[in-house]
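Notes for the structure review
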Amino acid sequence: MRLSRLALATTKETPADAEIVSHQLMLRAGMIRRLGAGLYTWSPLGMRVLRKVEAIIRAEMAAIDALEILMPAVQPAELWQESGRWQAMGPLMLRMTDRAEREYCFGPTHEEVVTDYIKRDVRSYKQLPLTVYQIQTKFRDEIRPRFGLMRAREFIMKDAYSFHMDEAGLDREYQAMRGAYARILDRMGLDYRVVAADSGAIGGAKSEEFHVLAHSGEDELAVASEGGYAANIEAAVTRAGDGPRAAPGAALKKIDTPGVTTIAGLAEHLKVPERATAKAIVVMGESGDPVLLMLRGDHTLNAIKAEQLPGIAAPLTMADEATIRNHFGAGPGSLGPVNATVEVIADHALANAADMVVGANYDGAHFTGFNWGRDHPEPRFADLRNIVAGDTSPDGQGTIDILRGIEVGHVFQLGDKYSRALNLTVLNESGAEVVPQMGCYGFGVSRVVAAAIEQCHDDAGIVWPAAIAPFELVIVPIKADKSQAVRDACEALYGELKAAGVDVAYDDRGLRPGPMFADAELIGIPHRIVVSDRGLEAGRLEYKGRADAENSDVAHDIDAIRDRIGHR
RNA sequence: CGGGGCAUGGCGCAGCUUGGUAGCGCGUCUGCUUUGGGAGCAGAAGGUCACAGGUUCAAAUCCUGUUGCCCCGACCA
């Protein structure tokens, strides 16, 4: 590609409304342009990257015999009403009406459509297992789109769906897809982790997420130093407090803590570590009465765990101050289990704790020396908290470290949730109708482009992994308009590299060297060859890898260049 | 949805408090010079100051409303 024909649109200045590096660099490199909130146009340069990502995905899908299809982006409401998700999806779904007042949505996902599609053509167990996928534009009306492509409303996703006669078949395909996702990210050269995940609204049993590691990642991942345990912090289970509970060593004693309403303040006031205190959080129960949740002072509540507990209302709702005062006679910041009239559920880290500091249910007062059993009946203990760095891994092997990641893939074992709702059945060997098991497997195509940049950049711009770079190599001429020799050498080199199958860019824009170098670095081309009279006279070309600190020489020879850039 | 902010040439911004000819940097175009890290000189184009009302002799500037966008939070296959 001659860069004079690419409609490159790089900028020196960073657009004001871009917060994170990938968004800034994609705008500066001219890969994308914003149309509206969460809506982006892909430029010719951006498309080159997108197509390379798609090609890798298609190759790995083909390798596990997944079949590509393309379903409509616009979907009739009826299907969603059948599955019950027309209501459940709520405002996340962009809805529209046609001229005949029929209702549609712009698909946020395709479980319903794919199940309906399979239902029409699959009748017999002989046709299963079957895995189909598409690379499609989705729309989710996120409450707050942000970070450019990282959380766009319209985005490109590869979504795959598998159908099986039984759970064993589903599990096999799940493992195959999991392997394919790992190979996709391996080929892209990205540092990632596979973690256990919460299934969320989509339902189903087993699910894992693929996260590209990056400091700007929105998700926190709990990863064990040994033994391989890894989970999204939302789903990471914690261990109960180790060892037996110490016998009470202090009497329950009420102390004045005027103005102290936070754990930090309490620890400071009493000169005790935060972990010696217990915090109280009041949430609404299913019955309508509040429930008191107790956590160790230095721990935080995991809302997903809490709302999954029987007796607690989902979605998790914090009690308002009036409700709290009504039941406890004190405000938030001074609450505790002593004489509480509501159900108490304590995090199991507190199961073996003794002589705790807790709120007194009087404003401006706390108790020291609080002990379960003696000062309040034994509560229900449950896993309520977020795991933290330094915790022992749930499987007992190693300690937990917290990493940040960008979710680019999610694999689910759905079971029969959708096949049953949409009446998908096939006949088994004995002629009986069976509801197939389903898996679904999402991969964020546009998001992984942004994630790659988050992981691979420096001060000058993007440092693409070779497999998804817009070009493999760029030829930069010096003083081309003065030197016929330079022009001829560039043209010859360009032609030969192209013929050799190298994805080569030739910067024939006639710019000065500075801007050409800056653009090549900004858009992140992995390899650069500079052609100058100086080098030509010596029979050498100048080479620099995008991540290299220094230039080096390479012989003026196609094979030498291919060798240097590791082509084929 | 709650809270905060912004809207002035393609991009980044000043001007608004105290109403009176719309400005700067970058970019773009032309010419000459220049050519190993975002060149210099000379010239030029380009703006219904988000939109709609209002106040005023006069509104980018003051008032009211609307829209769009950004940030924090909740939300999120």
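Residues numbered from 1 in each chain as written. Chains lettered and ligands numbered in written order. Predicted model: local features only at pLDDT ≥ 70, side-chain atom pairs only at ≥ 80, totals over all residues. Heavy atoms only, no water.

What to know about the overall build of chain A
A count of helical and extended segments in chain A gives 15 helices and 30 strands. If you line up chain A on its principal axes, its C-alpha atoms span 95 × 70 × 50 Å. The proportion of buried residues among the 568 residues of chain A is 53%. Here the contacts in chain A between residues at least 6 apart in sequence split such that 67% fall between residues at least 24 apart. Accessible surface computed for chain A: about 25100 Å², of which carbon and sulfur atoms make up 50%. One way to put it: in chain A the 62 positive side-chain charges average out to a point 4 Å from where the 80 negative ones average out. (Helix = DSSP H or I, 4+ residues; strand = E, 2+ residues; numbered from the N terminus. Buried < 20%, exposed > 50% of the residue type's maximum accessible area, 1.4 Å probe, protein only. Contact = heavy atoms within 4.5 Å. Areas by Shrake-Rupley, 256 points an atom, 1.4 Å probe, with all protein chains shown as cover. Lys, Arg positive; Asp, Glu negative; His and termini not counted. Charge placed at Lys NZ, Arg CZ, Asp CG, Glu CD.)

Brief notes about the sheet that holds strand E4 (residues 74–76)
Read from one edge to the other, the open sheet built from 3 strands follows the order E4-E6-E5, with strand pairing classed as antiparallel. Because the sheet does not close on itself, it has two edges, and the strands there are E4 and strand E5 (94–97). Each strand of the sheet is rotated relative to its neighbour by a mean of 35°, with strand direction disregarded. Where E5 and strand E6 (residues 103–106) come together, 4 bridges link them in antiparallel fashion. Its bridge partner being in E6, Met 96 is matched across the sheet by Tyr 104. (Pairing = 2+ DSSP bridges. Axes fitted to C-alpha atoms, helices over the stretch in contact; angles between N-to-C directions.)

Comments concerning the pattern of salt bridges
According to the stated counting rule, one finds 35 salt bridges in the structure shown. Among the ionic pairs, Asp 98 bridges to Arg 102, the shortest N-O distance being 2.8 Å. Its salt-bridge partner being Arg 120, residue Asp 116 comes within 3.0 Å of it at the nearest N-O pair. Linking Asp 116 with Arg 120, this pair stays in helix H5 (residues 111–121), spanning 4 residues, or about one helical turn. (Salt bridge = Lys/Arg side-chain N within 4 Å of Asp/Glu carboxyl O.)

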